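# Residue-level structural notes
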Amino acid sequence: MGYVRFTALDHCFANPKIIDDFLTFARNLPEDTWLHFHCQAGKGRTTMFLVFYDFLRNLDVSATDIIYRQYKIGGNYMLYQGDDPGEKQWKVELYKEKAAMVPLVYEYIQNNYQQDFPLSWSQWKSQFARSED
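Residues numbered from 1 in each chain as written. Predicted model: local features only at pLDDT ≥ 70, side-chain atom pairs only at ≥ 80, totals over all residues. Heavy atoms only, no water.

### Things to note about the overall build of the protein
Along the protein, the regular secondary structure elements total five helices and zero strands. Ordered by position from N to C terminus, the α and β elements of the protein give α-α-α-α-α. Rg of the C-alpha trace for the protein: 15 Å, near the compact-globule value of 14 Å for 133 residues, within the 12% margin. Along the first, second and third principal axes, the C-alpha set of the protein runs to 45 × 45 × 25 Å. Classification of the 133 residues of the protein by burial places 39% in the buried group. Counting only contacts in the protein whose residues sit at least 6 apart along the sequence, the fraction spanning at least 24 positions is 53%. (Helix = DSSP H or I, 4+ residues; strand = E, 2+ residues; numbered from the N terminus. Rg over C-alpha atoms; globule rule 2.2 N^0.38 Å. Buried < 20%, exposed > 50% of the residue type's maximum accessible area, 1.4 Å probe, protein only. Contact = heavy atoms within 4.5 Å.)

Shown next as structure tokens:
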């Protein structure tokens, strides 16, 4: 039994270094490892990291299907844009960022797993951002 903590702010997309650390941790686990994920409420951050783990473990499943599966089993919907009429305005930009970034983590994993991840998420994201300029 062990314990690992990955810190992330509520409502926000996780810091790139934290995602790097989490993906490295998850990729190096034995296949039969059991994990328990939880944040304070057990919804937002928990779901985000469960989605990342699911992306790694189910490479043949689409990002949309994984995101929807995690939502259907009780998590937050990672593609939510903050478009609920009662949503607090300060959260809307955070949700939009998360909805845009979570599928990019899937793209990163899909583009790098066959080469055993030559780039970390933060390195890949940095190159991706430059290519869009």
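After presenting the structure, the write-up continues.
### Topic: unusual backbone geometry
You will see that histidine 11, though not glycine, has its phi angle at about 75 degrees, which is positive. Tracing the sequence through the fold places histidine 11 in the segment before helix H1 (16–27). Taking the relative accessible area as the measure of exposure, histidine 11 reaches 18% and is therefore buried. Located in the positive-phi region is aspartate 116, a residue other than glycine, with phi close to 60 degrees. Looking at the secondary structure, you find aspartate 116 in the loop between helix H4 (89–112) and helix H5 (121–132).

### Observations concerning the pattern of salt bridges
Across all of its chains, the model carries four salt bridges by this definition. Of the charged contacts, one joins aspartate 21 and lysine 17 as a salt bridge, the two residues approaching to 2.7 Å between their closest N and O atoms. One end of the pair is aspartate 21 and the other is lysine 17, both in helix H1 and four residues apart, which spans about a single turn. By relative accessible area, aspartate 21 is classed as partly exposed at 30%. (Salt bridge = Lys/Arg side-chain N within 4 Å of Asp/Glu carboxyl O.)

### Things to note about the confidence of the model for the protein
The pLDDT averaged across the protein works out to 91; a share of 92% of its residues lies at or above 70. When pLDDT is averaged over each helix and strand of the protein, the minimum, 80, is found for H5 and the maximum, 97, for helix H3 (residues 63–72). (pLDDT = per-residue confidence, 0-100.)

### Here's the deal with H1
Counted at 1.5 Å a residue, the expected span for H1 with its 12 residues is 16 Å, and the 16 Å between its end C-alpha atoms agrees. Those residues of H1 that fall on the buried side of the exposure criterion are Ile18, Ile19, Asp20, Phe22, Leu23 and Ala26. Looking at where H1 begins, the residue whose side-chain oxygen comes 2.7 Å from the main-chain nitrogen of lysine 17 is asparagine 15. (Expected span 1.5 Å × (residues − 1). Polar contact = N/O pair within 3.5 Å; in protein donor to acceptor, adjacent residues only side chain to side chain.)

### Comments concerning the side chain of histidine 11
There is a polar contact of 3.4 Å between the side chain of histidine 11 and the side chain of aspartate 10. At 3.0 Å, the side chain of histidine 11 forms a polar contact with the side chain of tyrosine 95. If we skip the residues at most four places from it in the chain, histidine 11 touches Trp90, Lys91, Leu94, Tyr95 and Lys98.

### Quick notes on the environment of leucine 23
By the element assignment, leucine 23 lies in helix H1. Sequence-wise, leucine 23 and tyrosine 53 are 30 residues apart; in three dimensions their C-alpha atoms are separated by 7.6 Å. Among all residues touching leucine 23, those that are not within four sequence positions of it are Phe52, Leu56, Val105, Tyr108, Ile109 and Trp121.

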